[in-house]
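One-letter residues, chain by chain:
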Amino acid sequence: MNILIVNAFGSSSQEKSKFTSFCNLIKDALKRFSQNSGIDNFCFIYRTPNTINDFIYNGDANPGEETKESLINRKNFEKLDMVFIDGSEKYLPWKDKGYRLYEFVRLCKTSNKILFAAGVGIQFLIYYLATGSNTLFNFINSKGEIQAVEELEKIPIDFLKRLKKNDYFLDYVTGDILEYHIINHIWSPIMNIGLHKQITAEKFMSRGRFILPDNFKGKDYLSNPQMTIVSNCHEILNKINREYLSSYIADNIPNEFVGYTSLTWFPHFFNVSFRKYNFQAICLSDKGISVIEHDNSVGVAFHPKIGYKETIKLLDNFIKTKFREVQTKLFKFQNKLIFTQIDEYP
């Protein structure tokens, strides 16, 4: 069984330690669930967003027009049984650094690959579901100098006149993508990325209040001291939506639990153009949607981490269920594929 684990953390020793811990959680779970299964040969492949090219192919090419390199990469990709991603916001789906990882996630979704996307991974997953696009948007405010439509007047007119076809403005409050009409001198929204920047949404509450979830730390906490309390700014309180309490993802997990996150951008609800992009919001947090499921993919806005046992249990639930699916598939087709190239160990 071939398992790809993508390291989207930074290069510091602390970030490396986080990735190693994530890998160990995955390996431990697979070891437990594979006992007496007939599958004891696991091949773990490690990549970063900068070294994932050998799994990216041209999925839009017409038959007979795909390059030799793309065909090789396609075969590599098709041999993968499961994909796991975790990382910090060093990479974002709309920035150049994150473009390779976004292309990879897009291939995972179009091929219905088994995917667990933690931390920054959920941002790539949501971004794909929201935009459904293989276009790299050029956001003129990607560096964050101007973050909200209330600040658009700060952009010089001369700069606006030089905007190109794929130049857009990203509203950090709502996640709206705005296009400038040079004739009418107005900005108009064309779609939403499904993500908001928490601190900016809080700053511009006149609009942010429509995006931000109800704060769970309100009156109920004063009247019910048994409710879960978060202890620092990196912890988020997650609450399982009532209609998904029986989901395999939520199995043996309390209705409320705390997770650790390094994110500043969080998912929210948005209108989708096609039903195939509709996802299930399994959990909500005090910052936004925190757990989603879509086809063979699960995304979480936190990092499965020792000390946060419910987040580990959620990862276990995913691996247990998907391992059984892969096991059935492998036995059915008697297809035990093994990679010979393993590199970039964490």
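Let me sum up the structure you'll find in this document. Along each chain, numbering runs from 1 in the same order as the chain's sequence is written. Thresholds applied to this predicted model are a pLDDT of at least 70 for local features of residues and 80 or more for the giving and counting of side-chain atom pairs; totals over whole chains, interfaces and linings are not thresholded and use all residues. In computing side-chain values, all of the structure's heavy atoms are included and hydrogens and water are not.

## What to know about the packing of helix 3 (residues 99-110) against helix 4 (residues 120-131)
Thought 1: Interhelical geometry of helix 3 versus helix 4 gives an angle of 65 degrees and a closest axis separation of 10 Å. Comparing their axes, helix 4 and helix 3 come out roughly perpendicular. In the packing of helix 3 onto helix 4, the handedness of the crossing is right-handed. Where helix 3 abuts helix 4, its residues L101, Y102, V105, R106, K109 and T110 lie against F124, L125, Y127, Y128, L129 and T131.
Thought 2: Residue classes in the contact of helix 3 with helix 4 are distributed as eight nonpolar, two polar and two charged. Every angle, taken between N-to-C directions, lies between 0 and 180 degrees, and every axis is a line fitted to C-alpha atoms, over only the stretch in contact when it is a helix. Here a strand is any run of E in DSSP of at least two residues, a helix any run of H or I of at least four, and the numbering for each starts at the N terminus. Any angle between 65 and 115 degrees counts as roughly perpendicular, while under 35 counts as roughly parallel, over 145 as roughly antiparallel, and the rest as oblique. Helix crossings get a hand from a simple test, with the near helix turned counterclockwise from the far one by less than a right angle marking a left-handed crossing and a clockwise turn marking a right-handed one. Contacts are assigned to residue pairs with any non-hydrogen atoms lying within 4.5 Å of each other. Amino acids are sorted into nonpolar (Ala, Val, Leu, Ile, Met, Phe, Trp, Tyr, Cys and Pro), charged (Asp, Glu, Lys and Arg) and polar (every other residue, Gly among them).

## Observations regarding the pattern of salt bridges
Thought 1: In what follows, salt bridge is the name for a side-chain nitrogen of Lys or Arg lying within 4 Å of a carboxyl oxygen of Asp or Glu. Within this structure, the stated rule accounts for 11 salt bridges.
Thought 2: What emerges from the salt-bridge pattern is a single network uniting D60, E103 and R106.

## Focus on the pairing of strand 7 (residues 176-181)
Thought 1: Here strand 6 (residues 167-170) runs beside strand 7; their pairing, made up of two bridges, is antiparallel. Among the inter-strand pairings, L170 is bridged to a residue of strand 7, identified as I177.
Thought 2: Pairing between two strands requires that DSSP report at least two bridges joining them. Of the pairings in the sheet, the one linking strand 7 to strand 8 (residues 186-192) comprises six bridges and is antiparallel in character. Bridge pairing in strand 8 places Y180 opposite W187.
Thought 3: Connecting the antiparallel pair strand 7 and strand 8 is a turn made up of four residues, with H185 showing a positive phi of about 60 degrees.

## So, the environment of P254
Thought 1: Relative to the helices and strands, P254 resides in the loop between strand 10 (235-240) and strand 11 (256-260).
Thought 2: Distance from P254 to I240, taken between C-alpha atoms, is 8.1 Å for residues 14 residues apart in sequence.
Thought 3: Not counting chain neighbours up to four residues away, the residues in contact with P254 comprise I240 and E310.

## Examining the environment of D251
Thought 1: Structurally, D251 can be placed in the loop between strand 10 and strand 11.
Thought 2: Each residue is placed in one exposure class: buried if its accessible area under a 1.4 Å probe, protein chains only, is under 20% of its type's maximum, exposed if it is over 50%, and partly exposed if it falls in between. Relative accessible area serves as the criterion here: at 38%, D251 is assigned to the partly exposed category.
Thought 3: Between the alpha carbons of D251 and N317 there is a distance of 7.0 Å; along the sequence they are 66 residues apart.
Thought 4: Once residues lying within four places of it in the same chain are set aside, the contact partners of D251 are K313 and N317.

## Some details on the packing of aromatic side chains
Thought 1: Each pair of aromatic rings taken from Phe, Tyr and Trp, with Trp reduced to its six-membered ring, is defined by centres within 6.5 Å and is described as stacked if the planes are under 30 degrees apart, edge-to-face if over 60, and tilted in the remaining cases. Inspection of every chain in the model, using the stated rule, returns 21 aromatic pairs.
Thought 2: Note on Y57 and F77: the rings are 5.5 Å apart at their centroids and 65 degrees apart in plane angle, and the pair reads as edge-to-face. With Y57 in the loop between strand 2 (43-47) and helix 2 (68-78) and F77 in helix 2, this residue pair connects regions lying 20 residues apart in the sequence.
Thought 3: Accessibility expressed as a relative area gives 11% for Y57, which makes it buried.
Thought 4: The buried category is assigned to F77, whose relative accessible area is 1%.
Thought 5: Summarising the aromatic geometry, the rings of F137 and Y168 are spaced 5.3 Å apart at their centres and angled 75 degrees between planes, so their arrangement reads as edge-to-face. Highlighted residues: F137 in the loop between helix 4 and strand 5 (138-139) and Y168 in strand 6, separated in sequence by 31 residues.
Thought 6: Using a relative accessible area of 7% as the deciding quantity, one classes F137 as buried.
Thought 7: A relative accessible area of 9% places Y168 in the buried class.

## Quick look at the sheet that holds strand 11
Working definition: the strands of a sheet are paired by backbone hydrogen bonds and lie parallel or antiparallel to each other.
Thought 1: Ordered in space as 2-1-3-4-15-14-13-10-11, the nine strands form an open sheet in which the pairing is mixed. Each having just a single partner strand, strand 2 and strand 11 make up the two edges of the open sheet. Direction aside, the axes of adjacent strands within the sheet are offset by 20 degrees on average.
Thought 2: For strand 10 and strand 13 (residues 280-285), the ladder comprises three bridges, and the chain directions are antiparallel. Paired with N238 across the strands is S285, a residue of strand 13.
Thought 3: With respect to the sheet, helix 1 (residues 13-33) is in contact with strand 1 (2-8), strand 2, strand 3 (82-87), strand 4 (115-118) and strand 11, its orientation differing from that of strand 1 by roughly 160 degrees.

## Side note on helix 3
Along an α-helix, residues three or four positions apart point the same way, because every turn accommodates 3.6 residues.
Thought 1: Along its 12 residues, helix 3 runs 16 Å from first to last C-alpha, staying within 8% of the 16 Å computed at 1.5 Å per residue.
Thought 2: Most of helix 3 sits inside the fold, with nine of its 12 residues counted as buried.
Thought 3: Remark: N112 follows helix 3 within two positions and exhibits a positive phi of approximately 60 degrees. To estimate how far a helix should reach, multiply one less than its number of residues by 1.5 Å.

## Concerning unusual backbone geometry
Thought 1: A positive phi is found at N112, a non-glycine position, where the angle reads about 60 degrees.
Thought 2: Looking at the secondary structure, you find N112 in the loop between helix 3 and strand 4.
Thought 3: We classify N112 as partly exposed; its relative accessible area is 38%.
Thought 4: The phi dihedral of H185 falls on the positive side, at around 60 degrees, and the residue is not glycine.
Thought 5: Tracing the backbone through its elements, the reader meets H185 in the loop between strand 7 and strand 8.
Thought 6: Its relative accessible area of 51% is what places H185 among the exposed residues.

Any functional reading would require information that these geometric values do not contain.
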